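What follows is each chain in one-letter form.
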Amino acid sequence: MVTLEIKNIKEVEEQHHEIIKNICKEKQEYYNELFKKYDKDLILKVIFDKSSALYKVSASINLKSKKVLLVEENKNVEKAITQLFSNFKKAVKRQYELERKDYEYKRKRK
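Scope of this entry: the structure provided in the associated data block. Because the structure is predicted, anything quoted here is derived from the model rather than measured.

For the protein, the helix and strand inventory stands at 2 helices and 4 strands. Counting from the amino terminus, the protein carries its helices and strands in the arrangement β-α-β-β-β-α. Overall size of the protein, expressed as C-alpha extent along the three principal axes, is 55 × 20 × 15 Å. Looking at the protein as a whole, 33% of its 110 residues qualify as buried. Look at the contacts in the protein between residues 6 or more apart in sequence, and 55% of them connect residues 24 or more apart. A total of about 7,500 Å² of accessible surface is found on the protein, and carbon and sulfur atoms cover 48% of it.

Spelled out as structure tokens, the structure:
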């Protein structure tokens, strides 16, 4: 079960809120499907920060072995969140595969 937390969305203009929430919901459904047999309940945090003209969007998820955290900066918040989730998906899948291989290796050695 993956829980979604969106923080500091008030720093983004009101017109982008619906698009951002839709993208985050889609990603939550994807991670729910990916981690449906995972032992631990996970929290997917998406945090927004605006400084002058740049948006800084960060995403993190707490896996068993470590916390995966990525940050993306862009002037356009929609491009930033799209790019962030693209890279975040690769990083999470890579870490999940490492955990799975480690588990199988330990199980075979017993």
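Looking at the secondary structure, you find K36 in the loop between α1 (17-34) and β2 (42-51). Only 2.9 Å separates the side chain of K36 from the side chain of E33, close enough to count as a polar contact.

On the basis of which strands lie adjacent, the open sheet formed by 4 strands has the order β1-β2-β3-β4 and mixed pairing. Strand pairing shows two members of the sheet lacking a second neighbour, β1 (2-7) and β4 (67-74), which therefore form its edges. Averaged over all pairs of adjacent strands, the angle between strand axes in this sheet comes to 15°, irrespective of strand direction. Across 8 bridges, the pairing between strand β3 (residues 54-62) and β4 is antiparallel. Considered in β4, the bridge of S58 is made with V71. Strands β1 and β2 of the sheet are contacted by α1, whose axis makes an angle of about 155° with β1. Each of β2, β3 and β4 is contacted by helix α2 (residues 77-109), which is oriented at about 155° to β4, the strand it contacts most.

Attention now goes to α2. Between the first and last C-alpha of α2 there are 48 Å, a value that for 33 residues agrees with the 48 Å anticipated at 1.5 Å per step. Turning to α2, its buried residues number three or more, namely V77, A80, I81, L84, F85, F88, A91, V92, Q95, Y96 and E99. Residues of α2 that are buried in the fold lie against α1, β2, β3 and β4. Its side-chain oxygen 3.0 Å from the backbone nitrogen of E78, N76 forms the N-cap of α2.

Each value, and the rule that gives it
Residues numbered from 1 in each chain as written. Predicted model: local features only at pLDDT ≥ 70, side-chain atom pairs only at ≥ 80, totals over all residues. Heavy atoms only, no water. Helix = DSSP H or I, 4+ residues; strand = E, 2+ residues; numbered from the N terminus. Buried < 20%, exposed > 50% of the residue type's maximum accessible area, 1.4 Å probe, protein only. Contact = heavy atoms within 4.5 Å. Areas by Shrake-Rupley, 256 points an atom, 1.4 Å probe, with all protein chains shown as cover. Polar contact = N/O pair within 3.5 Å; in protein donor to acceptor, adjacent residues only side chain to side chain. Pairing = 2+ DSSP bridges. Axes fitted to C-alpha atoms, helices over the stretch in contact; angles between N-to-C directions. Expected span 1.5 Å × (residues − 1).

By themselves these figures say nothing about function.
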